[in-house]
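Summary of the model geometry
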Amino acid sequence: MFSFLLPLKLGDLGKGEKLSLLAITIVAVLALQLTAQLYQARMKFRRLQSRGIPILPHSFLLGHFLIVIQFYRDWAFDANFIQTFGFYIIKYWPKFFPNEQQCPPVIYLDVWPISRPMAFSLQAYVSNQMEIGSNLPKSPMQGEFLNPISNGRDLNCMHGDEWHMWRSRFNPGFSRTNIRTWIPAIIEEVETFANVLRGLSGGDGQWGQVFPFEQISSNLAFDVTGRVVLDTRLNSQSLYPSPFTIAYREQLSRMEITLSPRKLLWRITPLFKLIVRRKRNQLFKHLRPFITKGINAANDTPRTIIRSAVEEYTGELGVKGTATNTPDEAFIEQVFYQLMIFFFGGDDALSITIPRVFRQLQLNPECVAKLQAEHDAILGSDPSLAAEKIREAPHILDSLQYTLGVIKETLRMNPATITIREGQPSFNLKINGEDEPWPTDGFDLFDSSITIHHDPANFVDPLKFIPERFSALEGDRLHPAKNIWRGFQLGPRKCIGQELAVVVLKLVLVFTVRSFDIEMAWDKWDEVRELQGFKVDRRTVEGERMYTTGKATSHPKDGAPMHVRMRTSGKEYGKE
C-alpha cells in the first residue's frame with residue numbers, strides 16, 4: 001500500500017515521461033548555472049564595496065540596470081551609452097554617491113548578463129595609465145563589434161607582437177610625408193564635396209533644402225579613403241556609387257554594441273553569422289584586385305597605403321633571407337582586414353566631426369571671421385585660387401594654425417572616439433589619495449574622453465569654444481597640459497589615420513567657410529518628417545538638439561540635419 005514511496009525507476013517511465021524528466025533536468029541545470037553566474041557577477045561588485053571602493057547603488061538581482069534605465073530617461077532614449085555615460089555620471093554624481101565628497105575617478109558598472117562588467121575612467125591620469133603606461137589588450141567587445149567587416153582581425157583588435165608588426169607595416173603609408181603626396185587627389189574629392197553643397201544650396205543666396213549633413217560627410221570620407229588606400233575613385237558622392245561602397249554600407253548596418261536582449265540573441269544565431277560571413281566575403285572579392293594590383297605596382301606609381309605595407313613586408317622577407325619576396329594569400333587576406341578598418345575609421349571620424357565643426361561655427365560666428373582672415377592671408381583673397389595654390393605647395397596647409405585649432409577644439413567638445421581596453425589580473429589602477437589600487441581584472445575599461453575634455457581642471461572654461469587653446473604657448477592659462485587632449489586618443493595605439501583626417505578637415509574648411517553658410521535646420525527637418533508621417537522627437541540633451549547618438553561610435557542626432565546657402569561678400573556668417 002506504500003508502493004508510491006519506493007524509488008522511481010527510469011525503466012518504469014513511458015517515453016513522454018522520460019522526455020519531460022529530461023527537460024526538467026536540463027532546465028534545473030541551466031537554472032543552477034545561471035544562479036551561480038549571477039552570484040559570481042554580483043559578488044564581484046560587493047567585494048569592491050567591501051574594500052571601500054565607491055560603487056553605484058547596486059541590486060543583487062538587477063545589478064546596475066536601474067541606473068542604465070535612469071540614464072536613458074534623463075539623457076535620451078537613443079543617446080549613445082558607451083560614449084556619454086561617464087559624462088552623465090560626472091554631472092549628477094551627488095545623486096548616485098551621496099556619501100562621497102567628490103565623484104569617484106572610476107565608475108564600475110554591473111550589467112550582467114548583457115555585457116561584461118564595465119569600468120569608466122573619468123580622470124585623465126587614470127585613463128593615461130590604460131593608454132600610455134600599459135600594454136593592455138583591446139576589449140573583446142571591439143572584436144565582436146568589428147566582426148562583420150574585419151572578422152575581428154584588424155589593427156584595432158590586435159595586440160602584442162602581431163599588432164606591432166602590422167602597425168609598423170602601415171605606419172609609413174600614413175606618415176605626414178606620404179599623405180602630403182596625396183593632397184592633390186584629396187583636393188579633387190573635397191572639390192566634389194563643395195559641389196554637392198553648391199547643388200544643395202538655394203538659388204540667389206537663399207537657403208536650400210534640409211539634408212543629413214553626416215551622410216554627405218561620410219561619402220566624402222569614403223571617397224578620400226578610396227583614393228589614398230586603393231588609388232581609385234569610389235564615387236560615393238555621386239548618384240552612382242561603386243558596388244564596394246554599396247556593399248560596405250549594407251554590412252555597416254549589422255555592426256553595433258547593444259544592450260538589447262533581442263538584438264543580442266539575434267546576433268548569436270547561425271543565420272545572422274551566415275549573412276555576415278557571406279557579405280564579408282563579398283567585400284573581400286571587391287577589394288582583392290586592388291590589393292594584388294598594389295602588390296604588383298611599379299615603384300614610380302603613387303604610393304598607396306597598400307603599396308607602403310607591401311614594401312615594408314618585402315623588406316622584412318629580405319632581412320629574413322626568405323627565398324621568395326612575393327606576398328602570399330594569407331598576407332592578402334590580412335591586408336584586406338586592415339583596409340576594412342581604415343575605411344571604417346576614416347568614415348566614422350570624419351562623418352562625425354565635419355557636422356560638429358559647422359555646428360560650432362554656427363554657434364561661434366566670430367570664429368568664422370578668424371578662419372576667413374587666416375585663409376585670405378595664407379591662401380589669397382580669391383577662394384577659387386586656393387586649390388591650385390595648395391596643389392603647388394601642399395605644405396602650406398601646415399600654416400593654417402587657427403584652422404587646426406578649430407578642428408582640435410571641435411574634437412575636444414565632442415570627441416569622436418573612445419578607448420576600450422581589457423582589464424588584466426596584473427594591472428591595477430593607482431588612484432590619487434587611495435593606498436590600495438583599484439582592480440581591472442574581468443572589466444572592460446572605458447576612457448570617457450568627453451568627461452576629461454569638459455573638466456575645468458584640464459581646460460579653462462570647458463564649455464566655451466576657444467580654438468586659441470591649441471596655439472597658446474606653454475605657461476598661458478589656455479595652454480592644455482600634456483596628455484590631456486585625446487581627440488585621436490593617446491599612446492602607441494592612437495589613431496593611425498590622424499594625419500589624413502586633419503588634412504581632410506583643413507581642406508573642407510578651406511573650400512567652404514568663404515563660400516557657404518551652413519546651419520542646423522531643425523524646424524525644416526521637423527516639417528519634412530511630419531509630412532512623411534513620422535512622429536517628431538524634439539528632445540534635447542543638456543539643451544542641445546544635436547546630441548550624441550549611435551549604436552557604438554558617436555553620431556549626431558538624426559544625422560545632423562542642416563541646410564546651406566551660397567555666401568555673398570560682406571555677409572556675416574549665419575545672418576540674413
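Residues numbered from 1 in each chain as written. Predicted model: local features only at pLDDT ≥ 70, side-chain atom pairs only at ≥ 80, totals over all residues. Heavy atoms only, no water.

If you look the chain up in an unreviewed UniProt entry, it shows as Cytochrome P450 from Penicillium hordei. One UniProt comment on the chain, placed under Cofactor (unreviewed entry), says "heme". (UniProt positions renumbered as here; feature names shortened; annotations may be inferred.)

**Let's talk about the sheet that holds strand β3 (residues 211-212)**
In space, the three strands of this open sheet follow the order β3-β11-β8, with antiparallel pairing throughout. The outermost strands of the open sheet, each flanked by one partner alone, are β3 and β8 (516-520). Two strands pair when backbone bridges link them, and β8 and strand β11 (residues 561-566) are joined in this way by five bridges, in the antiparallel orientation. For E519, the partnering residue across the bridge sits in β11 and is H563. Helix α8 (residues 183-200) rests against β3, β8 and β11 of the sheet, and its axis sits at about 70° to β8. (Pairing = 2+ DSSP bridges. Helix = DSSP H or I, 4+ residues; strand = E, 2+ residues; numbered from the N terminus. Contact = heavy atoms within 4.5 Å. Axes fitted to C-alpha atoms, helices over the stretch in contact; angles between N-to-C directions.)

**Observations concerning the sheet that holds strand β4 (residues 420-422)**
The strand order across the open sheet formed by four strands is β1-β2-β7-β4, and the pairing between neighbours is mixed. In this open sheet, the two edge strands, each paired with only one partner strand, are β1 (106-109) and β4. For this sheet, the mean inter-axis angle between neighbouring strands, taken without regard to orientation, is 25°. Relative to strand β2 (residues 118-121), β1 runs antiparallel, the two being bridged by four bridges. Bridge pairing links V106 to S121 in β2.

**Some thoughts on helix α4 (residues 124-131)**
Taking burial as the measure, the eight residues of α4 include seven buried ones, the bulk of the element. Among all positions of α4, only A124, V126, S127, N128, Q129, M130 and E131 are buried. (Buried < 20%, exposed > 50% of the residue type's maximum accessible area, 1.4 Å probe, protein only.)

**So, the UniProt feature "binding site: heme" (unreviewed entry) in the chain**
UniProt marks C495 with the feature "binding site: heme" (unreviewed entry), using the numbering shown here. Checked against the element boundaries, C495 lands in the loop between α18 (449-453) and α19 (498-510). Judged by relative accessible area, C495 falls into the partly exposed class, the value being 35%. With residues near it in sequence (within four places) discarded, C495 still touches R167 and F488.

**Observations regarding the UniProt feature "transmembrane region" (unreviewed entry) in the chain**
Listed under "transmembrane region" (unreviewed entry) in the UniProt record, and renumbered for this structure, are residues 20-41 and 53-72. Secondary structure across residues 53-72 comprises 40% helix and 0% strand; the distance between its end C-alpha atoms is 25 Å.

**Observations concerning the packing of aromatic side chains**
Taken as a whole, this structure holds 38 aromatic pairs when the rule is applied. Centroid distance F174 to F342: 4.9 Å. Interplanar angle 70°. Geometry classified as edge-to-face. Of this pair, F174 sits in the loop between α6 (160-170) and α7 (176-181) while F342 sits in helix α14 (residues 329-363); the two residues are 168 residues apart in sequence, bridging distant segments of the chain. Taken individually, F174 and F342 each receive the classification buried, so the pair is uniform in this respect. Aromatic ring contacts, followed pair by pair, group F71, Y72, W75, F81, F85, F87, Y88, Y92, F96, F120 and F446 into a single cluster. Above the face of the W166 ring, R169 is positioned so that its terminal group lies 4.4 Å from the ring centre. Just above the ring of W485 sits the side chain of K408; from NZ or CZ to the centre is 4.7 Å. (Phe/Tyr/Trp six-rings, centres within 6.5 Å; stacked < 30°, edge-to-face > 60°. Lys NZ or Arg CZ within 6 Å of the ring centre and 35° of its normal.)

**Observations regarding the environment of Q401**
Checked against the element boundaries, Q401 lands in helix α17 (residues 401-413). By relative accessible area, Q401 is classed as partly exposed at 41%. It is 37 Å that separates the C-alpha atoms of Q401 and L287, two residues lying 114 residues apart in sequence.

**Here we look at the side chain of S139**
Within the secondary structure, S139 is located in the loop between α4 and α5 (140-150). Residue class for S139 comes out buried when judged on its relative accessible area of 3%. Within the local environment of S139, its side chain forms a polar contact with the backbone nitrogen of M141, the two atoms lying 3.0 Å apart. In terms of polar contacts, S139 uses its side chain to reach the side chain of D444, at 2.8 Å. Excluding residues within four positions of it along the chain, S139 makes contact with I420, R421, E422 and D444. (Polar contact = N/O pair within 3.5 Å; in protein donor to acceptor, adjacent residues only side chain to side chain.)

**Overview of a nonpolar patch on the surface**
Together, L61, L62, L66 and I69 give the surface a local cluster of nonpolar side chains, amounting to about 380 Å² of exposed area. As for its placement among the helices and strands, L61 is situated in the loop between α1 (15-50) and α2 (65-74). (Patch = residues over 30% accessible without salt bridge, like charges linked within 9 Å, V, L, I, M, F, W, Y side chains within 5 Å. Areas by Shrake-Rupley, 256 points an atom, 1.4 Å probe, with all protein chains shown as cover. Salt bridge = Lys/Arg side-chain N within 4 Å of Asp/Glu carboxyl O.)

**Let's talk about the environment of I484**
Tracing the backbone shows I484 in the loop between α18 and α19. By relative accessible area, which is 9% here, I484 ends up buried. A C-alpha to C-alpha distance of 9.7 Å links I484 and S127, two positions 357 residues apart in sequence. Apart from the residues lying within four places of it in its own chain, the contact partners of I484 are A124, I452, H453, N458 and F459.

**Some remarks on the pattern of salt bridges**
In total, this model carries 31 salt bridges according to the counting rule given. One salt bridge in this structure joins R227 and E189, with 2.9 Å as the shortest N-O distance. Residue R227 is found in helix α9 (residues 213-230), and its partner E189 is found in helix α8; the two are separated by 38 residues along the sequence. By relative accessible area, which is 10% here, R227 ends up buried. Residue E189 is joined to R233 by a salt bridge in which the shortest nitrogen-to-oxygen separation is 3.0 Å. One end of the pair, E189, is in helix α8; the other, R233, is in the loop between α9 and α10 (243-252), with 44 residues separating them in the sequence. The structure contains a network of salt bridges with shared partners spanning E188, E189, R227 and R233.

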